[in-house]
Amino acid sequence: MDKILHQPLGGNEMPRFGGIATMLRLPHLDTAAGLDAAFVGVPLDIGTSLRPGTRFGPRDIRTESVMIRPYNMATGAAPFDSLSVADIGDVAINTFNLLDAVRIIEEAYDNILEHNVIPLTLGGDHTITLPILRAIHKKHGKVGLVHIDAHADVNDHMFGEKIAHGTTFRRAVEEGLLDCDRVVQIGLRAQGYTADDFNWSRDQGFRVVQAEECWHKSLEPLMAEVREKVGGGPVYLSFDIDGIDPAWAPGTGTPEIGGLTTIQAIEIVRGCQGLDLIGCDLVEVSPAYDTTGNTSLLAANLLYEMLCVLPGVVHR
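All values derive from a computational prediction rather than experimental measurement.

S.K.: I'd like a description of helix H2 (residues 98–112), backed by residues and values.
M.R.: With 15 residues, H2 should reach 21 Å at 1.5 Å per residue; the first-to-last C-alpha distance of 21 Å fits that figure. Among the residues of H2, those classed as buried are Leu98, Ala101, Val102, Ile104, Ile105, Glu106, Ala108, Tyr109 and Ile112. Contact partners of the buried residues in H2: strand E1 (37–42), strand E2 (85–90), strand E3 (118–123) and helix H3 (129–140). Measuring from the side-chain oxygen of the N-cap residue of H2 to the backbone nitrogen of Leu99 gives 3.2 Å; that N-cap residue is Asn97.

Dropping the structure here:
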């Protein structure tokens, strides 16, 4: 069976303000069968600890993706010329029960990963990465991780709960989902309760890049180090939008000043070119806190950049 190379709907075929709001104006399919990569929404916000609203993230990211065109003028990537890509909709989470929602997400990704497809996830709060990693582990074993965030998300608990958006990566380590010698966290900053808030990650073997290391510089040299650190096996990319300074991305639930710029964010994603990426997510977009839509616009563009660095993408 020949691969179907789905193309985004062009602006001369349907006005960009019209039509159904799918990611990048791609076809909406009910299955990942036959796809190389699939955009998936997980509209969860009951794992958040401050401002809610990430349940609306996937819908708003799709809406703001309408201006994105197929060809990457900067890198030459032409993802739709070689990969079969579509939007397969949202996971129907239980919005009244976090643990049940986590179960549902894991089962949904089990089904998605029955196919030889790379999921690109629109969040949703950062709780969603844990069940996704659980499903990925069943297929790929332990994975390396590139994690961009203002927060390490390695709390042992939050209000006594072991599962929440701030505990994701401690649980992932405890459950043996990560190859800890191939993990990098970028953009961590602000205050903590103890030094252990970041040092726990270092004790596991993670490379922790605090935001201050990124100030006033290009991150291309850092990404050469990252590729050396996490290469050699499958890698998952998890990008929390609050890794970016709230001057550029105010639409998030736990903003922290002194963060990355949009240019540095693009450098990080493009710097993952050549890694064996087996999944990516963009989380913690809360559209209600940014009436301009710029946070969702940025998120949509970063997801496009993630698509452009997947294995098998041709460059023109």
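S.K.: Give me the lowdown on the packing of aromatic side chains, citing residues and values where you can.
M.R.: Scanning all chains against the criterion turns up 0 aromatic pairs. Above the ring of Tyr289, the side-chain terminus of Arg51 is found at 4.1 Å from the ring centroid.

S.K.: I'd like a description of the layout of surface pockets, backed by residues and values.
M.R.: Taken as a whole, the largest pocket spans an internal volume of roughly 510 Å³. What lines the largest pocket is a set of 23 residues, among which His151, Asn155, Gln191, Tyr193 and Glu256 lie closest to the centre. By residue class, the composition of the lining of the largest pocket is 7 nonpolar, 9 polar and 7 charged. Quantified by volume, the second largest pocket comes out at close to 250 Å³.

S.K.: Give me the lowdown on the pairing of strand E7 (residues 234–240), citing residues and values where you can.
M.R.: Burial runs high along E7: 7 of the 7 residues are buried. Burial along E7 is two-sided: Pro234, Tyr236, Ser238 and Asp240 and Val235, Leu237 and Phe239, pointing in opposite directions, are all buried. Bridge analysis of strand E4 (residues 143–148) against E7 gives 5 bridges, and the strand direction is parallel. Bridge pairing links Leu145 to Tyr236 in E7. By the bridge criterion, 7 bridges tie E7 to strand E8 (residues 276–283) in an arrangement that is parallel. Bridging across to E8, Tyr236 finds its partner in Gly279.

S.K.: Report on the pairing of strand E6 (residues 207–210), specifying residues and quantitative values.
M.R.: Sheet analysis places strand E5 (residues 178–188) next to E6, joined by 4 bridges and oriented parallel. Bridging from a neighbouring strand, Val184 pairs with Arg207 of E6. With helix H5 (residues 196–203) bridging E5 and its parallel neighbour E6, the resulting β-α-β unit is right-handed.

S.K.: Residues and numbers for the environment of Leu99, please.
M.R.: With respect to the helices and strands, the residue Leu99 is situated in helix H2. Spatially, the C-alpha atoms of Leu99 and Gly47 are 9.5 Å apart, while their sequence positions differ by 52 residues.

S.K.: Explain the packing of helix H1 (residues 57–64) against helix H8 (residues 294–308) to me, using residue names and the numbers behind them.
M.R.: Following both chains from N to C, one finds H1 and H8 inclined at 80°, their axes separated by 8 Å at the closest point. Regarding the angle of H1 to H8, the classification is roughly perpendicular. Note on element contacts: H8 touches H1 through Ser296, Leu297, Ala299, Ala300 and Leu303, opposite Asp60, Ile61 and Glu64. When its residues are assigned to classes, the contact of H1 with H8 shows 5 nonpolar, 1 polar and 2 charged.

S.K.: Tell me what's going on with the sheet that holds E7, and back it up with residues and numbers.
M.R.: Within a sheet, neighbouring strands are paired by backbone hydrogen bonds and run either parallel or antiparallel to one another. Pairing in this open sheet of 8 strands is parallel, and the strands run E2-E1-E3-E8-E7-E4-E5-E6 from one edge to the other. Looking at which strands have only one partner, the edges of the open sheet turn out to be E2 and E6. Strand after strand, the sheet turns through a mean of 15° between neighbouring axes, direction not considered. Two strands pair when backbone bridges link them, and E4 and E5 are joined in this way by 5 bridges, in the parallel orientation. Among the inter-strand pairings, Val146 is bridged to a residue of E5, identified as Val184. Together, E1, E2, E3 and E8 form the strand contacts of H1, whose direction differs from that of E3 by roughly 105°. Against the sheet, helix H6 (residues 220–230) contacts E4, E5, E6 and E7, and its axis sits at roughly 160° relative to E5.

Analysis parameters
Residues numbered from 1 in each chain as written. Predicted model: local features only at pLDDT ≥ 70, side-chain atom pairs only at ≥ 80, totals over all residues. Heavy atoms only, no water. Helix = DSSP H or I, 4+ residues; strand = E, 2+ residues; numbered from the N terminus. Expected span 1.5 Å × (residues − 1). Buried < 20%, exposed > 50% of the residue type's maximum accessible area, 1.4 Å probe, protein only. Contact = heavy atoms within 4.5 Å. Polar contact = N/O pair within 3.5 Å; in protein donor to acceptor, adjacent residues only side chain to side chain. Phe/Tyr/Trp six-rings, centres within 6.5 Å; stacked < 30°, edge-to-face > 60°. Lys NZ or Arg CZ within 6 Å of the ring centre and 35° of its normal. 1 Å grid on protein atoms, 1.4 Å probe; cavity = no way out; pocket = protein on both sides within 12 Å on 5 of 7 lines; lining within 4 Å. Points joined across faces, edges and corners; volume = space filled by probe spheres on them. Nonpolar A, V, L, I, M, F, W, Y, C, P; charged D, E, K, R; others polar. Pairing = 2+ DSSP bridges. Right-handed = clockwise from strand over helix to strand, strands pointing away. Axes fitted to C-alpha atoms, helices over the stretch in contact; angles between N-to-C directions. Parallel < 35°, antiparallel > 145°, perpendicular 65-115°, else oblique.

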